[in-house]
Each structure stands twice: as structure tokens, then as C-alpha cells.
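Here's the letter readout for the chains.
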Amino acid sequence: MAKTTAEHHGFPWKHLIGFVLSIVLTLFALWVALYTDLSVTWILIIIFGFAILQAALQLLMFMHVTENSTSSNLTSRVQIGNILFAAFVAIVIVIGSVWVLTAGHAKHDKHDEPKTENHGGSHDSEEHGSH
Amino acid sequence: MKWDEFFVTGDPLIYGADVSILLTMVGILFYLTKYNKWKWLWDEWLTTVDHKKLGIMYIVSAVLMLFRGGVDALLMRTQLAVPDAKFLDSQHYNEIFTTHGTIMIIFMAMPFLIGLINVVVPLQIGARDVAYPYLNAVSFWTFFIGAMLFNISFVIGGSPAAGWTSYMPLASNELSPGPGQNYYLLGLQIAGIGTLLTGINFLVTILKMRAPGMTLFRMPMFTWSSLVTMVIIIFAFPILTVALALMTFDRLFGSHFFTLQGEGMDMLWANLFWLWGHPEVYIVILPAFGMFSEIISTFSRKTLFGYKAMIWSMLLIAGYSFLVWVHHFFTMGSGAAVNSVFSITTMAIGIPTGVKIFNWLFTMYRGKIQFTTPMLWSIGFIVNFVIGGVTGVMLAMAAADYQYHNTYFLVSHFHYVLIAGTVFACFAGLIYWYPKMFGYKLNERIGKWVFWIFTIGFNVCFMPQYFLGLDGMPRRVYTYSEESGWGPLNMVSTIGGFMMGIAFLVLVYNMYYSFRYAKRETTGDAWDGRTLEWSTPSAMPPFYNFAKIPEVTGLDHFWRQKQAGKVEKLTAKDIKPIHMPSNSGVPFIMASFFFVAGFGMVFDWMWMAIIGLIGVFGTLFYRSFEYDDGYYVSVEEVIETEKISK
């Protein structure tokens with residue numbers, strides 16, 4: 001049960017570096033978002049970049065993504081299935097949400113948009129009632 | 001904050017609850033002190049890491065929550081029984097339907113199923129405990145504390161009233177002021193930690209701790225359904241965690257993720273909620289499917305029909321469950337393309353479920369069916385669940401959904417799938433594995449009464465609601481007028497609701513009756529079972545489950561051994577020292593600190609939240625430097641426990 005499966009190789013440098021880098025990346029993203037004068041688009045691009053970097057970092061440093069199984073091929077098949085399913089879910093969440101919340105009449109949920117041709121259409125107010 | 005804002009005042013029902021809570025607490029403290037049970041409580045339960053005991057505690061908590069959620073339901077049904085009733089005011093009614101929904105899903109259905117998974121899965125795969133026993137205790141205690149935090153809301157501070165979906169902007173500070181909605185956010189957040197840990201724990205347990213010879217395609221169906229459920233938990237629960245955290249930020253720290261002001265997006269909450277919420281539906285139904293598979297196979301005396309088809313349809317459901325969430329808000333009006341796509345995915349997810357229904361029917365076909373109580377619940381499930389499934393396909397058509405949306409038709413639909421699916425499974429599984437947990441069966445005659453009263457009451461309660469919905473009665477209204485003509489059917493529905501309440505009381509009486517009078521089991525095989533949990537020599541397995549880990553040669557290993565007359569007898573020379581994990585009080589203490597932190601956040605008392613969180617991190621830190629590799633049970637002790645003659 002509680003058998004020590006992983007042997008300890010001295011100090012866990014890998015984890016410490018990963019941990020510190022994660023915090024640094026988060027603080028940096030916060031700084032970019034709050035204290036720079038970049039346009040919203042650029043801020044989004046930069047913090048998305050940091051997010052992807054951090055995800056990769058965590059997969060490498062904490063999540064054993066490079067670990068190879070020598071004893072059975074079940075473990076590596078489970079790993080691959082796991083990663084593929086994770087990618088599938090992540091894509092569904094991100095692209096799905098963007099699509100659902102911006103397609104068709106859902107557009108008018110963006111309150112920041114100036115009143116352009118999307119708004120004030122005759123059937124638009126009708127749709128509002130269904131919220 | 002004045003004391004009369006801190007405590008909920010002014011409602012006789014609440015004062016009644018205050019008194020009964022106080023009396024129960026005094027009663028428990030008196031009992032524990034008088035019979036000197038404090039040490040027993042601490043050693044045997046609060047610090048345990050044994051999966052069977054944790055499972056029993058999950059189930060006990062779930063039954064208590066079923067009582068609480070059921071009382072909520074009966075209060076609502078009483079208010080709705082006649083037009084223009086004055087029993088509850090609108091705010092109180094809103095609070096009650098909110099807590100009813102939240103408690104039944106998060107604090108009743110999930111822990112009930114997770115409790116049964118805890119008890120059964122390690123035994124079914126021939127393991128001595130889960131992969132991370134300590135983590136399992138953390139799971140239980142964070143769930144329990146989350147549930148308690150949510151439950152005290154109705155006497156301290158006021159309950160959430162924005163529905164179990166807590167849509168924004170209704171759940172915002174402007175429209176739901178006070179601590180009520182914070183209870184929802186923090187209670188679910190803390191309990192969610194426990195669920196996520198359970199997901200990881202049982203995924204690893206099932207993948208890594210199976211007995212030798214038990215390949216993936218030799219696992220019992222309940223274990224398979226648990227495995228798939230854990231995968232869904234791991235991928236779906238983080239969405240809820242993030243969404244709850246963002247709403248907490250909105251309410252406590254003035255951010256604008258879902259608010260109407262400051263470029264927030266209110267529908268993003270609904271979107272994220274259902275991105276978690278739909279997989280959640282499958283989290284509470286797949287283990288139920290697994291249990292019915294075991295029970296139907298056992299009492300038809302046949303191997304499960306279409307074993308592999310069952311597994312593949314479950315895997316398909318796991319993938320599909322992430323592709324249907326928009327059908328919960330078709331009426332948001334996202335446009336034809338979005339609604340059409342999600343209509344089609346929703347109808348498609350019915351196909352693997354249909355496959356499973358046929359598998360159960362073909363398992364029973366030409367079987368020697370024994371009508372035991374668990375089997376009655378399983379047959380009742382097939383009939384009633386199909387009604388819920390068919391109305392679900394009706395709701396799946398986006399165009400038609402504009403008519404059904406937010407009416408009692410929908411309310412009836414999801415009660416037909418959740419009660420006939422999950423609740424029937426909880427009862428069936430509880431009765432089926434009761435001898436494994438307590439060493440005796442529940443009385444079958446009383447059990448059959450429970451089944452018939454509950455099932456008839458269930459149909460009397462919810463069948464009229466389909467027609468109320470088609471008549472246009474909206475959900476979540478606290479009253480309606482005489483002229484609407486909804487009075488008679490509502491009265492019928494209320495009568496059905498109270499029948500279900502009576503059935504619950506009879507079930508609890510059955511527990512007491514069987515505790516007093518039931519014949520104690522002498523073997524581990526109470527139902528002539530097929531899977532490994534029935535192969536232990538004693539009725540209740542010892543804390544290490546198996547003195548000797550079984551070697552599995554195929555599906556239904558234990559059954560085939562019995563057929564061949566080759567059930568292995570344990571001999572003294574088979575016994576080796578057994579490595580077991582040590583008990584620990586840290587999970588309980590950690591969860592208590594979570595309570596302090598959560599309670600502080602609910603009332604926006606940051607000093608208290610910080611103290612609580614320091615405590616949480618303190619216990620984590622303590623655990624990180626604790627080197628406890630467990631202990632060994634000696635050969636002599638095992639021989640004595642197993643009563644082997646030398």
C-alpha cells in the first residue's frame with residue numbers, strides 16, 4: 001500500500017524550479033495585465049502565451065509527461081489516452097465556449113460593444129426576454 | 001453585524017429547526033460522554049483511513065442529507081398543494097428549492113455513490129485498500145465539512161436563494177445580498193476538493209491495484225463504471241472549481257467576470273456551470289448503471305450480456321458528456337447553428353444509453369430471476385428510467401425545448417432520470433452490499449414494502465408534473481392562482497411526494513428492525529454473488545480485506561470457482577505479514593480548518609479566513625514532513641482473525 005514507489009534522489013530541484021517559475025510567470029502575467037499600456041489584444045496574446053508556457057512547464061516538471069514505462073505498455077497507453085482526452089476537453093471548453101457565446105444572437109451578451117448594426121434589430125429585444 | 005442578522009430570525013419553522021438541532025447536539029454529546037465513546041469515536045472513525053469505514057461514513061452522511069433534502073421537497077410540495085397557499089413566503093420558498101437541488105446532487109447523490117464505490121471497488125478488484133488511503137480520508141472530511149458549512153446556512157446567516165444553478169446576475173451581490181450565496185460558493189468549493197481527490201485516488205487504485213490476473217477486461221462492471229466516472233470527475237470538476245472561484249472573486253473582491261457592469265459576461269457563468277454540470281449528470285448516473293449491472297447479473301444467474309458493448313458505450317458517454325452542455329440553455333438564443341449541433345449531440349448520447357438498457361434486458365432474458373429487493377429496484381429502474389429518457393429526447397429538440405424550457409415538464413424529466421436512476425441505484429446498492437458492510441441483510445419483506453410505496457409514490461408525484469408542464473406551469477414559482485387550473489394535479493403530486501417520504505421512514509425503520517432482529521450472515525457470500533467482494537470468508541471483511549490476494553483467471557472469477565467446486569481454502573502457510581497504512585487525525589483537523597476558512601469567507605471576515613487557511617497549510621506542511629510508512633500485521637494476528645486451525 002504505502003510502499004515507497006519513487007526513490008528519492010536527494011533534493012527535489014525539478015519541483016522547486018517548476019514551482020518558482022510558475023509563480024514568476026503568474027506574477028508577470030498579472031503585471032502585464034494591470035500595469036502596462038498595451039492594447040487589450042496584445043495583453044490577451046501575451047498572457048495566453050504565458051498560460052501555455054506554464055501548462056507545458058507543469059506537465060514537464062510535475063506531471064511526469066516524459067516518464068516512460070518499461071514494465072508494461074498499459075501505463076504508456078493510459079498516458080497517451082489521458083493526454084489526448086485532456087487535449088480534447090481543453091479544446092471543447094475553450095473553442096466551444098467562444099463559439100457558443102459569440103455565435104448568432106448570443107453576441108449581444110458583450111456589453112462592451114458599441115451599439116452597432118448587431119443591436120437594435122427588431123427581433124433583438126424579443127430575444128432579450130428569454131434570458 | 002448584529003446577532004439578529006447573524007442568526008436567522010422570525011420564522012417559526014426555523015425556530016423549530018434551531019431547537020431540534022440543539023437537542024440533537026446535546027443528545028449526541030450526552031451519549032458520547034455517558035457511554036465513554038469519545039476515544040472510540042476518535043480511534044475507530046475520525047482518524048480511520050480504512051476505505052470500508054470511510055465508505056460507511058459517506059453513506060451515513062448521504063442518508064442524513066437525503067432526509068434534509070427530502071424535508072425541503074415536502075415543504076415545497078406542501079406550499080404548492082393548493083393555489084394561493086400561505087405556508088411559505090417567496091423568499092423562503094426560493095431558499096428551499098435552492099438548498100433542495102444543491103443538497104440532493106452534491107451532498108446526497110454524489111456521496112452516496114462515492115460511499116458505495118469506497119466500500120465495494122477495492123474489494124471487487126482484490127485490493128487491501130485504495131492507492132492513497134490518507135488522501136481518501138482527506139476526501140471524506142472535506143466533503144463532510146463542505147456539506148456542514150452549506151447546511152448551517154439556514155439557521156446562521158440565511159440560505160442561498162438563486163437556485164442550484166446560481167445563474168448570474170441573480171446570484172450577484174446586487175440581487176442576492178448577504179452571506180447566503182457565499183455559503184453555496186464556499187460549501188461547494190470545499191466539498192469539490194474532496195471529490196477531485198476521490199477521482200484521482202480511485203483512478204489510480206483501479207489502474208494500479210488490481211489483483212494479479214485481473215486485466216482491464218476482466219473487471220466487474222461496477223468497477224468499470226467507477227473508473228469511467230473518475231475520469232469524468234477529473235476532467236469536469238476543475239471547471240466547477242474555477243467557475244466558483246471566479247464568482248467568489250466577483251462577490252467578495254469586486255471583480256467583474258460575470259457581472260453586468262464592468263464588461264462582465266453573465267452567460268459565461270451559465271456556460272461554465274453546465275460545462276461541468278452535464279458531465280456531472282453522468283458522474284451520478286454511471287456508477288448507478290454499474291450497480292444495476294452487478295445486481296441484474298447476480299439475480300438472473302447469468303453473466304452480464306454484452307460486457308464489452310457496455311464498456312464501450314460507457315467510454316462513448318464519457319466523451320459525449322462534454323459535448324452536450326448547451327442543451328441546458330437553448331433559449332439563451334445562440335442561433336440556429338449552435339442549437340442544432342447541440343440538439344444532435346444530445347440525441348446521440350441517448351444511443352449508448354439505449355444499448356445499455358437492451359444489455360440489461362438480454363441479461364434477464366432466459367435467466368433464473370430471483371425477485372429480491374435489490375432486483376426489484378433494478379427492474380423498477382429500467383421501467384421508470386426509460387420514461388425519463390424518452391422525455392429527455394423530447395427536450396433535446398431545440399425548437400421544441402422553447403416550449404418545455406423552465407416548466408414542470410423539465411422538472412419531471414430530470415426527477416425521472418435522477419430518482420429512477422441514481423436514487424433507485426443508491427437503495428438497490430445499499431441493500432445489496434448491506435451484508436458486506438454490517439454483516440446482516442436488511443429485512444426483505446419490509447424492503448419490498450419500501451420499494452412499492454416509494455415507486456408508486458414517485459409516479460404519483462412526478463407523472464402529473466409532465467402534464468402541469470405541458471399546461472404551462474413554470475418551475476420555481478412559489479404559488480399559482482386558482483384560475484390557472486393547476487390545483488388538482490398539484491394536489492395529486494403532493495400526495496405522491498408524501499408517499500415517498502413515508503417510504504423513506506419505513507426504510508430507516510427497516511435499518512433499525514434488521515439491526516435488532518436480522519439473522520447474522522455466517523459466510524461472506526450473502527447473495528450467492530459472482531465477484532470478488534463476496535469471496536471473503538467472513539461476512540464483513542477484516543480491515544485488511546484479503547488475507548491472501550486472490551489470483552483472477554477471468555470475468556466472474558469467484559462464480560466460476562464456485563461452479564467448479566474449487567473455492568480455495570486458506571491455510572496457515574499462505575499467510576504473510578500484511579502491510580497496512582496507519583490511521584491519522586490530520587485529515588479531520590485539516591477539514592476543520594477548511595471550515596474556519598470557509599465560514600470566514602462567507603461572512604467576509606478576512607481575519608478568520610486567513611487563520612483558517614494558515615491552519616490548512618500548516619497541516620499540509622506537517623504531512624509533508626511526516627515519514628509514516630504504515631505498519632505490518634503479523635502472521636499470528638491474521639491467523640487469529642481468519643480463525644484458521646493450524
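The name given to chain B in an unreviewed UniProt entry is Quinol oxidase subunit 1, with the source organism recorded as Fictibacillus barbaricus. UniProt's Catalytic activity (unreviewed entry) comment on chain B is quoted here verbatim: "2 a quinol + O2 = 2 a quinone + 2 H2O".

Under the annotation held in an unreviewed UniProt entry, chain A carries the name Quinol oxidase subunit 4 and is attributed to Fictibacillus barbaricus. Regarding chain A, the relevant UniProt record gives this comment under Catalytic activity (unreviewed entry): "2 a quinol + O2 = 2 a quinone + 2 H2O". Per UniProt, chain A carries the Sequence similarities (unreviewed entry) text "Belongs to the cytochrome c oxidase bacterial subunit 4 family."

What follows is about the overall build of chain A. Across its full length, chain A holds four helices and zero strands. Walking chain A from its N terminus toward its C terminus, one meets helices and strands in the order α-α-α-α. Each of the 131 residues in chain A was classed as buried or not, and the buried ones make up 18%. Restricting the contact set of chain A to residue pairs at least 6 apart, pairs at least 24 apart contribute 38%. Here chain A has roughly 9700 Å² of accessible surface; of this, 69% comes from carbon and sulfur atoms.

For the rest of this paragraph, the subject is the interface of chain A and chain B. Listed per partner, the contact involves 29 residues of chain A and 41 residues of chain B. Viewed at the interface, chain B and chain A are joined by zero salt bridges. One can count two residue pairs in polar contact (both at pLDDT 80 or more) joining chain A with chain B. Broken down by element, the residue count for the side of chain A that touches chain B peaks at 15 residues, all from helix H3 (residues 73-102) of chain A. Class assignment for the residues of the side of chain A that touches chain B results in 15 nonpolar, nine polar and five charged.

Residues and elements named next belong to chain B. Core analysis: the largest hydrophobic core is formed by 191 residues, its most contacted members being Phe 107, Trp 224 and Trp 360. Here the element with the most residues in this core is helix H9 (residues 266-300); it accounts for 20 residues. Contacts of Trp 360, omitting those with residues within four sequence positions, involve Phe 289, Phe 292, Ser 293, Ile 296, Leu 304, Met 310, Phe 381 and Ile 382. Core analysis: the next-biggest nonpolar cluster, separate from the first, contains 13 residues, Leu 80, Phe 97, Leu 468 and Trp 486 among them.

What follows concerns the side chain of B:Arg210. Residues and elements named next belong to chain B. Along the chain, Arg 210 turns up in the loop between helix H7 (180-208) and helix H8 (221-253). One buried charged side chain, Arg 210, makes no salt bridge at all; its nearest oppositely charged neighbour is Glu 551, positioned 13 Å away. Within polar-contact distance, the side chain of Arg 210 engages the backbone oxygen of Ile 206 at 2.7 Å. Within polar-contact distance, the side chain of Arg 210 engages the backbone oxygen of Leu 207 at 2.9 Å.

What counts, and where the lines are drawn
- Residues numbered from 1 in each chain as written.
- Chains lettered and ligands numbered in written order.
- Predicted model: local features only at pLDDT ≥ 70, side-chain atom pairs only at ≥ 80, totals over all residues.
- Heavy atoms only, no water.
- UniProt positions renumbered as here; feature names shortened; annotations may be inferred.
- Helix = DSSP H or I, 4+ residues; strand = E, 2+ residues; numbered from the N terminus.
- Buried < 20%, exposed > 50% of the residue type's maximum accessible area, 1.4 Å probe, protein only.
- Contact = heavy atoms within 4.5 Å.
- Areas by Shrake-Rupley, 256 points an atom, 1.4 Å probe, with all protein chains shown as cover.
- Salt bridge = Lys/Arg side-chain N within 4 Å of Asp/Glu carboxyl O.
- Polar contact = N/O pair within 3.5 Å; in protein donor to acceptor, adjacent residues only side chain to side chain.
- Nonpolar A, V, L, I, M, F, W, Y, C, P; charged D, E, K, R; others polar.
- Core = buried A, V, L, I, M, F, W, Y, C linked by side-chain atoms within 4.5 Å.
- Lys, Arg positive; Asp, Glu negative; His and termini not counted.

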